[in-house]
Amino acid sequence: MKISKAEVEKVANLSRLYFDEKEIESFTNKFNDILLFIEQLNELDTAEVSPTFHAIDTCNVFREDIAIQSDAIQDIVKIAPEVENQAFVVPKII
Amino acid sequence: MTNFTELTISQLTEGYRKKEFKAVEVTEAYLKRIEEVDSKVKAYLEVCPEIAIFLAKEADKSIEKNEISYLTGIPAGIKDVLCTKGIKTTCASKILENFIPPYDATVIEKLYKEKTVILGKLNMDEFAMGSSTENSAFITTKNPWDLERIPGGSSGGSSASVASRTCAFSLGSDTGGSIRQPASHCGVVGLKPTYGRVSRYGLIAFASSLDQIGPLTKDVRDCAVVMNVIAGQDNRDSTSSTNDVPDFTKFLEEGLDGITVGIPEEYFVSGMDRDVEDGIRKGIEILKEAGAKTVDISLPHSKYAIPTYYIIAPCEASSNLSRFDGVKYGVRAEDYHNLLQMYKETRSKGFGEEVKRRIMLGTYSLSAGYYDAYYKKASQVRTLIKNDFNEAFKKCDIIAAPVAPTPAFKIGEKSNDPIQMYLSDVFTISVNMAGIPALSLPVALSGNGLPIGFQIMANHFQEGKILKSAYNLEKNLQLSLKIPNL
């Protein structure tokens, strides 16, 4: 096994997910199958290969910083689960 | 009486020019067709008859004044991954079940400017993650050629709607084959443009370095017409290209003299599906008869495309999907005592199994101690895959290949085996890694009457070469693509 149930639970926490007892077994098995499948990349020696993060070489695309009027605030807060005085409400954290 | 739903975009435009019929009549015909057949095909998540008729009336006003552009009065279906202001956009996920975007995607703005008629939103695999559209949280779309089979995915609603004539064209998105594979399975034309050719603003992001929006159409000319509208630089997507956008239709009538077709040995392996191989070989013969030359090429790292993809795409997805947390939009879970629990409840109830799997894979691959072994390694292999194409395009103008290893499989056949499902994208994924354009065109029907797609790839920004090759192939094939009565 590449990854144990406990490690899956740790990754789930980092992912802000949880799996209940019924799901975790089957999830861990399938997760392991995929990790083993991915292993085949180790057949390749890539020590001298630089990574590609983007298919097209573009970086630092600049534009003029021009202020534009936006009246989207009402539309944006309208679709939030909970709002008060144009602010998103979340459970208390302190 | 004209059967409007059988007409191509070009034929509809011709009719509008000659004032033979109105956009409202055409739109009503499509709405009627949706009512008649979509309960069986289930391509649409949401149909918007009132909006469609309103837009059709607007289009008719323009047509009356002879202001007719490429897509004026043309009824379209939109994959539910594209934000449409005022129209629910769910990404086929429970977490966005109630999401009504406050803005339009750039491609949608462009359609409105043309006075295109939007009929509704199309089903897909949740967050575009899948190859069969079975991962939709809401409905299972059927293949119009055989209702027991999948339409392909993730743009399965987009392909099934064009094939079942419930829209004149549709928009989809392609991250690893999600336009081409469903187009192949449903017998329609689908193009994944060059990365950066079409603005991704308003496309709900899955894997930002791979995602690209493109058209699914009844024929090749229509594909070029839609590209004329959706392509172009956009300040709101910094990865959109400043390259000139040609009139894509002008390539179509060009002949194939001087075109060299590369045949990649890795895409023609022993034991491949007989019908698929015969179809692709036939397509290559027709390209030769039309004046093209062929050359054998090699894309030696092809077999690593899938494992590479299943690191890179989930890594990007795990980052992109962290925004779905129940705070700013979408659904928030009801039972929680603190913030962390609110996030976890919301996400665990809101996302389906495949989406969770990919978020987990990405988080794992990017986490401390694993980054070099997974994400960095995959990004290096991506370079090798990209270099394969650079080498190949020194010898040829286009590459011919299958789209999918088999015709459409049965619903449920692979849904419990992620790796088998992933392998169905073996011929389409490399293209996204390299960011090059590729198209799927129906080339044959299998022994049991299912469509088989022919894939044409070209180098960056060479959609013109793809379109003229596909146009010549389509013209000389004379394939009859009549779907069974629904």
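For the structure itself, look to the data block above.
Residues numbered from 1 in each chain as written. Chains lettered and ligands numbered in written order. Predicted model: local features only at pLDDT ≥ 70, side-chain atom pairs only at ≥ 80, totals over all residues.

Peer 1: What's the story with the overall build of chain B in this structure? I'm lost.
Peer 2: When helices and strands are tallied, chain B shows 15 helices and eleven strands. At 21 Å, chain B has a C-alpha radius of gyration in line with the 23 Å of a compact globule built from 486 residues. Each principal axis of the C-alpha atoms in chain B carries an extent, and together these give about 65 × 55 × 45 Å. Counting only residues that meet the buried cut, chain B has 61% of its 486 residues in that class. Excluding contacts between residues fewer than 6 apart, the proportion of contacts in chain B whose partners are at least 24 apart in sequence is 76%. (Helix = DSSP H or I, 4+ residues; strand = E, 2+ residues; numbered from the N terminus. Rg over C-alpha atoms; globule rule 2.2 N^0.38 Å. Buried ≥ 20, exposed ≤ 12 C-beta atoms within 10 Å, placed from the backbone. Contact = placed C-beta atoms within 7 Å.)

Peer 1: Help me out: how do you make sense of the sheet that holds strand β7 (residues 260-264) of chain B in this one?
Peer 2: Through backbone hydrogen bonds, the strands of a sheet pair up, either in parallel or in antiparallel fashion. Residues and elements named next belong to chain B. The eleven strands are arranged β1-β3-β2-β4-β6-β5-β10-β11-β9-β7-β8 in an open sheet whose pairing can be described as mixed. The open sheet terminates on both sides in strands that have one partner only, identified here as β1 (44-47) and β8 (293-297). Across the sheet, the axes of successive neighbouring strands diverge by a mean angle of 30°, strand direction being ignored. As paired strands, strand β5 (residues 189-192) and strand β10 (residues 438-445) are joined by three bridges and run antiparallel to one another. Paired with G190 across the bridge in β10 is S440. Each of β7, β8, β9 (398-402), β10 and β11 (451-458) touches helix α8 (residues 274-289); the most contacted strand, β10, lies at about 110° to it. (Pairing = 2+ DSSP bridges. Axes fitted to C-alpha atoms, helices over the stretch in contact; angles between N-to-C directions.)

Peer 1: Explain the pairing of strand β4 (residues 169-174) of chain B here, please?
Peer 2: Consecutive residues of a regular strand have side chains that alternate between opposite faces of the sheet. Residue and element names in this part refer to chain B. Burial analysis of β4 places six of its six residues in the buried class, the great majority of the element. With burial as the criterion, each face of β4 is covered, one bearing F169, L171 and S173 and the other bearing S170, G172 and D174. In this structure, strand β2 (residues 75-79) lies alongside β4, joined through three bridges in parallel fashion. Pairing of I78 across the sheet is with L171, part of β4. Examined bridge by bridge, β4 and strand β6 (residues 212-217) share six bridges and lie antiparallel to one another. Residue pairing across strands places L171 opposite P215, the latter belonging to β6.

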